Amino acid sequence: SASASGSNPASLANWCVKTKDYEQIPHPETRDPYSGGNLITRSGVTATFPNARKHMPSQTPTVVALASPGDKAYEQAVACYNLDAQLDPAHTVIATCATDVINAILTARNLGMGVRAQATGHAAMSASPMHGDLLISTQLDEPVIIDPVASTARISAGTCWSSVVDAAAAHGLIALHGSSGTIGAIGYLLRGGLSFYGRLHGIAANSLRSITIVIATGETIEVSATSVPELFWALRGGGGGYGVVVGVEIQLFPMAHVITGQIAWKASDAAVIATLWKKWTETAPPEATTSLRMLNLPPVPGMLPEVLTSGQILMIDGAISVSTPGDLDAAHQILDDFLGPLRGAIEPIFDSWAVAPPAALPHTHLDPPFPVPSISDHLVLDYLDDLALGRILDAAGAQSSLLMFELRQLGGRLAEPSITGGAFDRVRGSFSYFGVGLLATPESRENIVADLAALRGVMSPWSTGFTLPTFAENAAAPQRTLDDAAFARAAVLRANIDPTGIFAHDISPVRADS
């Protein structure tokens, strides 16, 4: 477990952001860990913590009630969306306001415990063991606040995307949300975020305008491009371990409609349809983002049509953005160019693509609305020729035990660096692969692990060596989100802002190996 100082936290008032590139920092034991230190920035950037909007904690924190294993509150805090994840912190706290977070962090410091944080638990499979740590379950009871003039949204920790989508839709706006409304908005944003609007608007983390975080001293500070910009850079995809984020402000975008839905064929038609789809993706306009999947969907009465659950199928879903009413005709042309050749080649067994309100998009991908036990794997792939695609489809074919094999279309603005972006601001590659197996029985694990390993082996020649943080759920699998320079830069910042390592175990898998 990470150790923590029990002394009263000193102010960060003298903690200045220096302008040297990767200056050697003092070893934590050679200085008061919370009285100063150098934050390393890109040349020419200068900022100070005194200029940041912040709240100083009380020198005597309110003692918080710690839940222990067996307590109802403990079980609520460790609950995860993936039922295969088993979290085992020493204690938990359910935080319903920022003050709860502050007091929990200071209590953990006084007890010499490390601190972990989670909201909905979608990323729990990527978490390292929590033995001896305090887990803060962020469930802040605050509404989503929309500023329709500035086209921004204020979101508190624990808020799911469904709440943001509905609040923004009332003003004709959208956020760069995930494929499911049950996903926690803030965790998704801090880990990058890959949206069906992404090829038009870029990585979701680039839409962050400010982040409010409680750091190891118990101080609450708001960072942005103009206030502590280096920490703002690190928080956007740098892997975490800097504190507990309690709120963010994001940029919203106008969206009149979307054209969305699913179209499906029998799995035996996969080679023909997938080849046509891949050819279309090579020149597809940025308004369109799609996903090709091989699915073995279980019967779910009242939720899925029987035609989709009667055996393995090939499905293509996604969205075409219609930013203004005047863009609708152009969007229909994109749809015709996209689906016309596919519909003409082989008649689909299911086809629901149609114009819809943006609030309908979180339902397109058919993500389960309730927790399930699963195992997954992920890669980012370079360009695939027809031979490569054929080999991959064969590996994902009829004998596979997987619930889903997915190739999600990348490119467009997703591939473009942002001049104001954070540590993770773009994706290099043509497709994101995500494979998932449903642990329906105790015996299914062995088959799923074997099938995921076989797929990884087939696809390895086309892997970029990098992964996307929101898809990298297996902490044991090779992963690399950041290049070596960004990885080192994020690590230096982490050592400065948390020199005694209170959050040392709360780092997402962005390690520099592949």
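This text follows the structure it describes.
Residues numbered from 1 in each chain as written. Predicted model: local features only at pLDDT ≥ 70, side-chain atom pairs only at ≥ 80, totals over all residues. Heavy atoms only, no water.

## Brief notes about the environment of Ser444
To be explicit about the condition: Secondary structure elements follow DSSP: runs of H or I no shorter than four residues count as helices, runs of E no shorter than two count as strands, and numbering proceeds from the N terminus. Each residue gets one of three labels from its accessible area relative to the maximum for its type: buried under 20%, exposed over 50%, partly exposed in between, using a 1.4 Å probe on protein chains only. Contacts were defined at the residue level, with two residues in contact if any of their heavy atoms lie within 4.5 Å. The term polar contact refers here to a pair of N or O atoms within 3.5 Å; inside protein, the definition further demands a hydrogen-donor-capable atom paired with an acceptor-capable atom, and it admits residues adjacent in sequence only when both atoms are side-chain atoms.
If you trace the backbone, Ser444 turns up in helix H10 (residues 444-459). The class for Ser444 is buried, based on a relative accessible area of 13%. Residues Ser444 and Ser401, spaced 43 residues apart in sequence, show a C-alpha to C-alpha distance of 7.9 Å. Those residues in contact with Ser444 that lie beyond four places of it in its chain are Leu438 and Leu439. Separated by 3.5 Å, the side chain of Ser444 and the backbone nitrogen of Ala440 make a polar contact.

## Remarks on the pattern of salt bridges
Where we set the bar: The salt bridge definition used is simple: a Lys or Arg side-chain nitrogen within 4 Å of an Asp or Glu carboxyl oxygen.
One pass over the full model with this rule turns up 14 salt bridges. Measuring nitrogen to oxygen at the nearest pair gives 3.2 Å for the salt bridge that ties Asp386 to Lys278. With Asp386 in helix H9 (residues 386-395) and Lys278 in helix H7 (residues 270-281), this pair connects stretches of sequence that are 108 residues apart. A residue is classified by how much of its surface remains accessible, and Asp386, at 45% relative accessible area, is partly exposed. Take Lys278: its relative accessible area is 4%, and that puts it in the buried class. Here Arg456 and Asp377 are joined by a salt bridge, their closest N and O atoms 2.7 Å apart. One end of the pair, Arg456, is in helix H10; the other, Asp377, is in strand E20 (residues 374-381), and 79 residues separate them in sequence. Across this residue pair, the class does not change: Arg456 and Asp377 are buried.

## A closer look at unusual backbone geometry
Even without a glycine there, the phi angle at Val228 is positive, about 50 degrees. In this structure, Val228 sits in the loop between strand E12 (220-224) and helix H6 (229-235). Taking relative accessible area as the criterion, Val228 reaches 1% and is therefore assigned buried. One non-glycine residue, Leu366, lies in the positive phi region at around 60 degrees. Residue placement: Leu366 occurs in the loop between strand E19 (354-356) and E20.

## Some words on the side chain of Ser126
Residue position: Ser126 is located in the loop between strand E6 (115-118) and strand E7 (134-138). A polar contact is formed between the side chain of Ser126 and the backbone oxygen of Ala123, at a distance of 2.7 Å.

## Overview of H9
Quick reminder of the rule: Each C-beta atom gives one direction from the helix axis, and the arc is the one those directions make.
Listing the buried residues of H9 in full gives Ala388, Leu389, Ile392 and Leu393. Along the axis of H9, the buried positions cluster into a sector of 130 degrees, meaning they face one direction only. Opposite its buried face, H9 presents the exposed residues Leu387 and Asp394, each directed more than 90 degrees away. In this structure, the buried residues of H9 make contact with H7, strand E16 (288-295), strand E21 (404-409) and H10. For H9, the side-chain oxygen to backbone nitrogen distance between the N-cap and Leu387 is 3.2 Å, and the N-cap itself is Asp385.

## Describing the nonpolar core
Quick reminder of the rule: Nonpolar cores were defined as sets of buried Ala, Val, Leu, Ile, Met, Phe, Trp, Tyr and Cys residues, with membership established by side-chain atoms within 4.5 Å.
Within the largest apolar cluster, 90 residues are counted, with the highest numbers of intra-cluster contacts made by Ile155, Trp161, Ile211, Tyr242, Val248 and Ile250. Residues in contact with Tyr242, not counting those within four places in the same chain, are Ile213, Ile215, Leu231, Ala234, Leu235, Ala490, Leu493, Arg494, Ile497 and Phe503.

## Here we look at the pairing of strand E11 (residues 208-214)
For clarity, the cut-off: In this scheme, strands are said to pair when DSSP sees at least two bridges between them.
Taking burial as the measure, the seven residues of E11 include six buried ones, the bulk of the element. Examined bridge by bridge, E11 and strand E13 (residues 244-251) share six bridges and lie antiparallel to one another. By the bridge assignment for E13, Ser210 is matched with Glu249. Pairing analysis gives five bridges linking E11 to E12, with the strands arranged antiparallel. In the sheet register, Ile211 faces E12, and the bridge partner there is Val223. A loop of five residues connects E11 with E12, the two strands running antiparallel in sequence, and Gly218 in this loop sits at a positive phi of about 90 degrees.

## Re the packing of H7 against helix H8 (residues 328-345)
Put simply, the test is: The angle between two axes is taken between their N-to-C directions and runs from 0 to 180 degrees, where each axis is a line fitted to C-alpha atoms and a helix contributes only its stretch in contact. By definition in this entry, angles of less than 35 degrees are roughly parallel, angles greater than 145 are roughly antiparallel, angles of 65 to 115 are roughly perpendicular, and the rest are oblique. By convention, the crossing between two helices is left-handed when the near helix turns anticlockwise from the far helix through less than a right angle, and right-handed when the turn is clockwise. Think of it as three bins: nonpolar holds Ala, Val, Leu, Ile, Met, Phe, Trp, Tyr, Cys and Pro, charged holds Asp, Glu, Lys and Arg, and polar takes everything else, Gly as well.
Contact pair H7 / H8: the axes reach a minimum separation of 10 Å and the direction vectors enclose 160 degrees. Between H7 and H8, the interaxial angle falls into the category roughly antiparallel. As for how H7 packs across H8, the hand of that crossing is right-handed. The segment H7 lies against H8, with Val272, Ile273, Leu276, Trp277 and Trp280 engaging Asp337, Phe338, Pro341, Leu342 and Ala345. Along the lines of polarity and charge, the residues of the contact of H7 with H8 split into nine nonpolar, no polar and one charged.

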